[in-house]
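Geometric and topological summary
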Amino acid sequence: MKKVLAMVALLGLLATTLSANGQQEGTQNAASSGVDWPKQPINIVVAFGAGGNSDYNTRALAKYLQKDLGQPIVVTNVSGSGGTIGANQVKGAKPDGYTVLCSQVSMNVARVVGLTDYAAEAFEPACVFSQGSDEVLVANADTGWKTYEDMFNATIAEPGKYRLTSNAGASTQWIAVALTKAGAKFNIVPSGGSGERLKLLLGKHVDVIAMPYNMVKDYVDKGQFVILATDSPKRPYNLPEVPTLKEKGVDCEYYYYNTFFFPKGTDKAIVDKFAKACQNVIENNPDYAKDLEGFMQPKVYLGPEETAKYYSDELAHLMKYQADFQAK
């Protein structure tokens, strides 16, 4: 009888251990991939300034990701030239898995413009890890505009009077090129990233900017800014009344798919382990899900192969307009 009881106790302990291991599997799947990495802190280079879409999305994920990977993650902002300075830094880094780039559509725009002679194919794509809050075209309320048509017609009536920001080699240049091809007559003003664009509009140094909705919502609610359109492929779920630029005949549509890239030649096992760790946080971490709700963003994840295809397809589309992007 004692032997039976001992066996029952042993089986109960084994079942408890297996259950605990099963519960931990979701958060430890990255650590069980077989590759002995990471052994030291990982540096994620965000190719844009602090406080912008790519920056806060990277930092939001990194604080949970480092728990799964078991090593600190350092986020470094290396901004400038539409994200190309940061991209160049990572492109030339040692492919040992300890330097990662965060970029987005600007990587393709920079290639089309000629700021670089490479795009995603020069890296090992890990994953699309977030979709930034839908980007909207906003104007100062004192322009009196209520609709996209109001803005468009005003530029036609007084060519060059109204100022639109454009960051050369970044996604906002796509907007400027597409609006110009559609017939708008803006004065295109060079600018930096989203943080700089917001300051320009608040200071009334420009009239129209493109910004993630979550970064301008308060100004819209207070009546300082007015939303005219979105460059997202579909109307935002929380702004169903806002038309897309595509609906208005402007060939510009994209999501801010924040994406991680490793230097070319990085071990595929490392890239896959990192990608799976990201996927685990995105799909299974409730605290991260709450963060996304606060950002007004959906959960988005694309694995290495899907990410490579997405960037390749987008680049092929943009290359059709290379002459327009490079026009002086």
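Residues numbered from 1 in each chain as written. Predicted model: local features only at pLDDT ≥ 70, side-chain atom pairs only at ≥ 80, totals over all residues. Heavy atoms only, no water.

Scanning all chains against the criterion turns up 19 aromatic pairs. Ring geometry for Trp174 against Tyr254: centres 5.3 Å apart, planes inclined by 25°, an arrangement best described as stacked. Highlighted residues: Trp174 in helix 6 (residues 171-181) and Tyr254 in the loop between strand 9 (225-230) and strand 10 (257-263), separated in sequence by 80 residues. You can call Trp174 buried: its relative accessible area is 3%. Here Tyr254 falls in the buried class, since its relative accessible area comes to 2%. Note on Phe262 and Phe274: the rings are 5.1 Å apart at their centroids and 85° apart in plane angle, and the pair reads as edge-to-face. In this pair, Phe262 sits in strand 10 while Phe274 sits in helix 9 (residues 268-284), placing the two residues 12 residues apart along the sequence. (Phe/Tyr/Trp six-rings, centres within 6.5 Å; stacked < 30°, edge-to-face > 60°. Helix = DSSP H or I, 4+ residues; strand = E, 2+ residues; numbered from the N terminus. Buried < 20%, exposed > 50% of the residue type's maximum accessible area, 1.4 Å probe, protein only.)

This part is about unusual backbone geometry. A cis amide bond, omega 0°, links Trp37 with the succeeding residue Pro38. Positionally, Pro38 belongs in the loop between helix 1 (2-28) and strand 1 (42-46). Even without being a glycine, Lys204 presents a positive backbone phi close to 60°. Examined against the element boundaries, Lys204 turns out to sit in the loop between helix 7 (194-202) and strand 8 (208-212). With relative accessibility at 48%, the residue Lys204 sits in the partly exposed group.

Turning our eyes to something else, we now look at the pairing of strand 5 (residues 135-140). Of all 6 residues making up strand 5, 6 are buried, and the element is well covered by its neighbours. Here strand 5 runs beside strand 8; their pairing, made up of 5 bridges, is antiparallel. For Ala139, the partnering residue across the bridge sits in strand 8 and is Val208. In this sheet, strand 9 lies alongside strand 5 in antiparallel orientation, the contact comprising 5 bridges. When the sheet's bridge partners are listed, Ala139 is paired in strand 9 with Val226. (Pairing = 2+ DSSP bridges.)

A separate point is helix 9. Between the first and last C-alpha of helix 9 there are 24 Å, a value that for 17 residues agrees with the 24 Å anticipated at 1.5 Å per step. Where helix 9 starts, the residue carrying a side-chain oxygen 2.9 Å from the main-chain nitrogen of Ala269 turns out to be Asp267. (Expected span 1.5 Å × (residues − 1). Polar contact = N/O pair within 3.5 Å; in protein donor to acceptor, adjacent residues only side chain to side chain.)

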